[in-house]
Amino acid sequence: RVPYVSAARLTDRRVPREILGADLLATAVGPSSLTEVGRWLAPFLRLRMEAGRPVNVLTFENHRRAPELLTAGLLDVEPGLATEVGHRLGIGGAAVWRAIASRRVDDDGVRYEVDAADECYVDEVPLIPGVAPCDGSLPALRLTAGFDDRMVEKLWVFNAGHAAAAYFGWSAGHRTVAEAMADADIHRAVVAVVEEARFAFQARRHLRHEDHSLPTRPTATIVERYADPAIADPVTRVAREPRRKLAPDDRLVEPAVTCLAAGVRPLALSGAAGAAFAYADPDDPQACDIHAELEHLGPEEVVASVSGLHPRDELSDLICERIGRFGLDRSMLVAGVVRPAGLAARP
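> How should I be thinking about the sheet that holds strand S6 (residues 120-123) in this particular structure?
Across a sheet, paired strands are connected by hydrogen bonds in the backbone, their directions being either parallel or antiparallel. Sheet architecture is open: 5 strands sit in the order S1-S2-S3-S6-S7, paired in mixed fashion. In this open sheet, the two edge strands, each paired with only one partner strand, are strand S1 (25-27) and strand S7 (141-144). Here the strands of the sheet are splayed against their neighbours by 30° on average, with no regard to which way each runs. Running over the sheet, helix H2 (residues 34-50) touches S1, strand S2 (55-60) and strand S3 (89-96) and is turned about 170° from S2. Helix-sheet contacts for helix H4 (residues 147-171) involve S3, S6 and S7, and the interaxial angle to S3 is about 40°.

Given below as structure tokens:
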């Protein structure tokens, strides 16, 4: 349980009163649901604005445009809120370095199973000063003006490895991420993904001439969190919605593109992307759609449409090769996903 935080179902008659009286509002619903949640939330926020009560809304989502997705839903239902955004209504992103195993709603509220990490960054730029969290009432939320760097680091370094563990694990028949990480081949492959994603993030900062320091997160520490048996994260939960995770600006493709721009072939990330394209959980609509497209259109066209890569692009070739071999040749986990030579010497 989280002190001072309550939960209620959307159909609960207390919800409008809670929204009108809350010090801070936040979402943690998944990027694909944000616009719909914005539509649902819009009338309540309009009432709050009419009552003269400014508020900030934080989007705890693994998506760089999460605030925009939520705002689109708000304005779809209540266009008049456009004049409030940035004045009495702040909408900003939040990034937490945390793995969640499950979420269950019951009569007593919402129960989460999570790891012990509590590092959280919030984009202070779009928020309204003088109200939570900008009033200092929530010191655990670290306000930052350089939020995109924090979000990119989380997506590339932490989420890329987490997703890779899930996709590799699913292909090998493992039920949880912890089980997958106990597999020596998968463990080595995931370490390579994290190190390659870390290099990509460092290269991005170098290319952007950013010189402010960021916390050091050893690869071993990150990988240990995936392997925590207490979390028992189902691979299908982490792997869900592969189309979103394979988008041009998400955790697998964008750092791979950055690696190429910095002169390193992204063998690890392309292997993880190939596993994501080959992911075929029958209960995941996006996975089923991608699988059907691969059968009818071929990998080059599907990689182009999902990940925005030209069919003759070097990264497209790498991913397509791994789509063709993944699940058929287990040696891909080791032979095809290795740490690039000279990685440590790069910026």
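> I tried to follow the nonpolar core on my own but got confused; where do I start?
When a protein is soluble and globular, its nonpolar side chains tend to lie buried together. Residues Phe168, Tyr226, Leu252 and Phe277 are the most contacted members of the largest nonpolar core, which totals 63 residues. The element contributing the most residues to this core is H4, with 14 residues. Leaving out residues up to four positions away in the same chain, Phe277 has contacts with Leu246, Ile290, Leu294, Val302, Val303, Val306, Ser307, Ile319 and Ile323. In terms of nonpolar packing, the next biggest core, distinct from the first, is built from 18 residues, Leu41, Leu45, Met49 and Leu89 among them.

> Where do I start with the pairing of S6 in this structure?
Consecutive residues of a regular strand have side chains that alternate between opposite faces of the sheet. Burial of the side chains of S6 extends over both faces: Cys120 and Val122 are buried on one face and Tyr121 and Asp123 on the other. In this sheet, S6 lies alongside S3 in antiparallel orientation, the contact comprising 3 bridges. Paired with Ala95 across the strands is Tyr121, a residue of S6. Here S6 runs beside S7; their pairing, made up of 4 bridges, is parallel. Within S7, the position partnered with Asp123 by the bridge is Thr144.

> Looking at this structure, how should I read the packing of aromatic side chains?
The geometry of an aromatic ring pair is captured by the separation of the ring centres together with the interplanar angle, meaning the angle of the planes. Evaluated as defined, the whole model comprises 5 aromatic pairs. By the ring-pair criterion, three or more aromatic residues cluster together here, those being Trp97, Phe158 and Tyr226. Positioned over the ring face of Tyr121 is Arg150, at 4.0 Å from the centre of the ring. Positioned above the aromatic ring of Trp97, the side-chain terminus of Arg217 is 3.8 Å from the ring centre.

> Please clarify how the packing of helix H6 (residues 184-207) against helix H11 (residues 267-278) should be interpreted in this entry.
Each pair of packed helices can be described by the angle between their axes along with the distance between the axes. Here H6 crosses H11 at 120°, and the two axes come no closer than 8 Å. One way to sum up the angle between H6 and H11 is to call them oblique. Considering the relative orientation of H6 and H11, their crossing is left-handed. Residues Ala192, Val193, Glu196 and Ala197 of H6 pack against Leu267, Ala268, Leu269 and Ala272 of H11.

> Hey, could you run me through the pattern of salt bridges in this one?
Side-chain pairs of opposite charge can arise where the charged atoms are in close proximity. Overall, the coordinates contain 24 salt bridges when judged by the stated rule. In this structure, Arg46 engages Glu50 in a salt bridge whose closest nitrogen and oxygen atoms are separated by 2.9 Å. Taken as a pair, Arg46 and Glu50 lie in helix H2 at a separation of 4 residues, close to a single helical turn. For Arg205, the salt bridge is made with Asp149, and the minimal N-O distance between the two is 4.0 Å. Highlighted residues: Arg205 in helix H6 and Asp149 in helix H4, separated in sequence by 56 residues. The pair formed by Arg205 and Asp149 is uniform in burial state, with each residue classed as buried. Through salt bridges that share partners, Arg64, Asp148, Asp149, Arg204, Arg205, Arg208, Glu210 and Glu254 make up one connected network.

> What should I look at first to understand H6 in this one?
An α-helical segment advances 3.6 residues per turn. Residues three or four places apart therefore align on the same side. Here H6 is 24 residues long and its end C-alpha atoms lie 35 Å apart, about the 34 Å a rise of 1.5 Å per residue gives. In this structure Asp183 caps H6, since a side-chain oxygen of it lies 3.0 Å from the backbone nitrogen of Asp185. One or two residues past the end of H6 sits His209, with phi positive at roughly 60°.

Criteria and thresholds
- For every chain, the first residue of the written sequence is number 1, and numbering continues from 1 along that sequence.
- At least 70 in pLDDT is required for a residue's local features to be given in this predicted model, at least 80 for side-chain atom pairs to be given and counted, and no such filter applies to totals for whole chains, interfaces and linings, which use all residues.
- With hydrogens and water set aside, each side-chain value is computed from the structure's full complement of heavy atoms.
- Between any two strands, at least two bridges found by DSSP are needed for them to pair.
- The helix count covers DSSP runs of H or I at least four residues long, the strand count covers runs of E at least two residues long, and both are numbered beginning at the N terminus.
- Every axis in this analysis is a line fitted to C-alpha atoms, fitted for helices over the stretch in contact. Angles between the N-to-C directions lie between 0 and 180 degrees.
- Contacts are assigned to residue pairs with any non-hydrogen atoms lying within 4.5 Å of each other.
- In plain words, nonpolar cores are sets of buried Ala, Val, Leu, Ile, Met, Phe, Trp, Tyr and Cys residues tied together by side-chain atoms within 4.5 Å.
- When accessible area is computed with a 1.4 Å probe and restricted to protein chains, residues below 20% of their type maximum are described as buried, those above 50% as exposed, and intermediate ones as partly exposed.
- Ring geometry is summarised as follows: Phe, Tyr and Trp rings, the Trp one being its six-membered ring, pair when their centres sit within 6.5 Å, and such pairs are stacked at plane angles under 30 degrees, edge-to-face over 60 and tilted between the two.
- Remark: a charge is flagged as sitting over a ring if the NZ atom of Lys or the CZ atom of Arg is within 6 Å of the ring centre and within 35 degrees of the ring normal.
- For classification, angles of less than 35 degrees are called roughly parallel, those exceeding 145 degrees roughly antiparallel, those between 65 and 115 degrees roughly perpendicular, and all remaining angles oblique.
- In a left-handed crossing the near helix is turned counterclockwise from the far helix by less than a right angle, and in a right-handed crossing that turn is clockwise.
- The term salt bridge refers to a side-chain nitrogen of Lys or Arg lying within 4 Å of a carboxyl oxygen of Asp or Glu.
- Here the expected length of a helix is defined as 1.5 Å per residue gap, with one fewer gap than residues.
- In the analysis that follows, any N or O atom pair within 3.5 Å is treated as a polar contact, provided that within protein one partner can donate a hydrogen and the other can accept it, and provided that, for residues neighboring in sequence, both atoms belong to side chains.

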